[in-house]
Amino acid sequence: MDKRISRSFLPALFLGLFLFSVWSWDICAQSNSLDILSDTSYFKNGKDDWNLVESVKRIQPANVLFLLKRGADPNASEEGGITALMYAAQMGDTLLIKLLVLNGADLELTSVENTTPLMVAVLNQQFGAAHLLLKREANPDHQDKYGGTSIIYASAMNDYAMADLLLFFGATDSLKDLNGNDAMMTAVSLGHLETADVLLQNGIYPDNRDKKQRTPLMVAAQQGNIEMLNLLLENGAEKELTDYRNYTPLAHAIRSEEKNVARVLVDSGANVNHFISRSQNMYDLARKGENQDISKILKTEGAEPSPRPDFSEFGLGWGNSFGKSEHMMQGRIWWMDQKFGFFAETGFDIRPVIRTVQVEINDTLIHQYRETRSAWTHGAGKYFTLIRAPMGIEFGVYAGIYGMLSFPKRRGISENPGAEYNVLPSAGLFLRGKVAGIKAGTERYIFGIVNEGPWKTNITIFLRIPYNNSTYEYKEIGYEPY
Amino acid sequence: MSHTSRNFFVSALTLTMLLLAGNFIACEPEDLIFEVDCYDCFGYPPDTAELIVYVTMRLEQDSVPLTFFRGDSNGEVDWQDTAVGEEFRLDARIGSTYTVQAEYRSGSKTIIAFDSDEMTLNDYGDQCGDPCYIIKGGIYDVRLKE
């Protein structure tokens, strides 16, 4: 025998014998532990299925084997459809899993939430159990009641090793839950950088969209997660895709006031002149959000405000117009340009009480009536903001021109004078917040009444109702184990 | 909604309430009577009742000619009289609309004041227990506007 071979063979032989003895001891120990029953005081007579589930929960493999041999159903379950195998998977006990599977437990039986034992193992981060189930050909793409899959669970738990394992066993990465979230979107939404990295390393497409057409890059931008943003950009995430509101990732950064994210996106070449709507571009969005830092970033890249007005707000106003001997109550609705302050307005006016009015018939005759009056008013104007305070409070002046078609009705007079049309110039001051405001000013109109002062004081309170791009929705994903 | 915006909204609502209160103050007293006074009841439905005409008495004119038209001012003249005090009462049919015309003289000018109203009979038996008829309306304001 060659001495070199004998020198290397002998240690290997000893090592082999040592390992065999250890394995034999383990097998003996296991078979011994399976031969000796544990405490069975909780067993219920004639209810071996229940006893089986309970033995699994108590991690008593000998009892489990004994019950299986005695004819207990290996697919026995508790309320909610949770099987003995699911409990074994939850605890990650591979011996119990083996016992159950070898005795016929179904890997694809589901709970009422439609979760499988594999999903339970993944949710409880039991890598060994998941591995064993996958080796036994458990379906990695089974979807629960909410469309969630094992790999989405792994993403939600930031269990990147599990995600990797599932992908190795052929899990489909593009399956989506009922909200359209796949594993990548879940990892990004929950800020799980490691899992996102593993998924991308496995070649997952970085721009899969959710139900609202948002991409992971948009969500990372929205959340201000620079590390995630960089990871996605490095892996080729697209910067110019748009969601259901035509927002790009940069638009999300602007809307979320994430200055640093905006900087990264602009530096990586994101389009600063993208139009969200016909009248609103990136710069308008930043200006509307009153974020001067982002506005500056955009401006340095050549962004400019769009010249088109942005009529995206309704206003509801209730006002009172007082004169020397006049009082008209006003209800108004207007359409407002949020960019330049233009408005178009219409509404009704009524005199809330009957008023005594005098009308000159000729030089020597005056008629006096008890008169009610209603009117339809319409007009246009502009708000000029002079001071912008924090929290969206604005102070400024307004000016407008209106037409008022009024209908006087005089008590006891059969021949009422008919409709009158007045042109009303109006101007004053306003103070408004994001939700409501007040304006006070003067307006000029005359109804042809004796001793009537033409100038009236107007006080109006109003509500602002933005209807476009007004509410910004942050993406949220909530996961709860079964 | 932010804290500041909420405060602003509350302030706006408060102002609304104040302006509404102002509107009610501007209303005539008769418009503000929402309650029924069961002591004003008639136990039977009357055919006629007194209408009241408020007029302005001045030094330069101590009596005011009044004309009562049925319906509007183009209607048939139902009654002519002269008021010598600031309150003129006349028995009139319930359920009929009358228009009152008062004539004032002020220097070389004539001021003719009109007002119209109808007396109505309302049954408040349900609220007051016993048969209860209350007359509403029938108040004419032809006082000169200051």
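Keep in mind that what you see is a predicted model, and the values were worked out from it rather than measured.

**Here's the deal with the pairing of strand β11 (residues 455–466) of chain A**
All names here are of chain A.
Then step 1. The pairing of strand β3 (residues 311–322) with β11 spans 10 bridges and is classified as antiparallel. Within the sheet, the bridge partner assigned to S321 lies in β11 and is N458.
Then step 2. As defined by bridge partners, strand β10 (residues 436–444) adjoins β11 across 9 bridges and the pair is classed as antiparallel. Within the sheet, the bridge partner assigned to A436 lies in β11 and is L463.

**Structural notes on the nonpolar core**
Then step 1. By size, the foremost hydrophobic cluster in this structure holds 90 residues, and its most contacted members are A84, L133, A163 and M282 of chain A.
Then step 2. Setting aside anything within four residues of it in sequence, one finds A163 of chain A in contact with I151, A154, S155, A183, T195, V198 and L199 of chain A.
Then step 3. If you look at the next biggest cluster of nonpolar residues, it comprises 25 residues, including I366 of chain A together with L51, V53 and V55 of chain B.

**Here's the deal with the sheet that holds strand β4 (residues 87–93) of chain B**
All names here are of chain B.
Then step 1. Pairing within the open sheet is mixed, and its 3 strands lie in the order β4-β1-β9. Since the sheet does not close on itself, it has two edges, and those belong to β4 and β9 (139–141), each with one partner. Across the sheet, the mean angle separating the axes of adjacent strands is 25° when strand polarity is ignored.
Then step 2. For strand β1 (residues 48–54) and β4, the ladder comprises 7 bridges, and the chain directions are antiparallel. Among the inter-strand pairings, A49 is bridged to a residue of β4, identified as A92.

**Describing unusual backbone geometry**
All names here are of chain A.
Then step 1. One non-glycine residue, Q213, lies in positive phi territory at about 65°.
Then step 2. Assignment of secondary structure puts Q213 in the loop between α11 (193–201) and α12 (216–223).
Then step 3. A positive phi angle, close to 60°, is found at N451, a residue other than glycine.
Then step 4. Residue class for N451 comes out exposed when judged on the 10 C-beta atoms lying within 10 Å of it.

**Focus on the confidence of the model for chain B**
Residues and elements named next belong to chain B.
Then step 1. Looking at chain B, pLDDT values average 82 and 76% of them are 70 or higher.
Then step 2. Low confidence marks residues 25–33, where pLDDT is under 50. Its contacts with residues over four positions away, or in another chain, come to 8 contacts.
Then step 3. As a predicted assembly, this complex carries a pTM of 0.62 together with an ipTM value of 0.81.

**Section: α12 of chain A**
All names here are of chain A.
Then step 1. The buried count for α12 comes to 8 of 8 residues, which makes it a mostly enclosed element.
Then step 2. Within the span of α12, buried status applies to P216, L217, M218, V219, A220, A221, Q222 and Q223.
Then step 3. Those residues of α12 that are buried lie in contact with α10 (183–189), α13 (226–234), α14 (249–255) and α15 (259–267).
Then step 4. Of the residues one or two after α12, G224 is the one with positive phi, at around 70°.

What counts, and at which threshold
- Residues numbered from 1 in each chain as written.
- Chains lettered and ligands numbered in written order.
- Predicted model: local features only at pLDDT ≥ 70, side-chain atom pairs only at ≥ 80, totals over all residues.
- Pairing = 2+ DSSP bridges.
- Helix = DSSP H or I, 4+ residues; strand = E, 2+ residues; numbered from the N terminus.
- Core = buried A, V, L, I, M, F, W, Y, C linked by C-beta atoms within 7 Å.
- Buried ≥ 20, exposed ≤ 12 C-beta atoms within 10 Å, placed from the backbone.
- Contact = placed C-beta atoms within 7 Å.
- Axes fitted to C-alpha atoms, helices over the stretch in contact; angles between N-to-C directions.
- pLDDT = per-residue confidence, 0-100.

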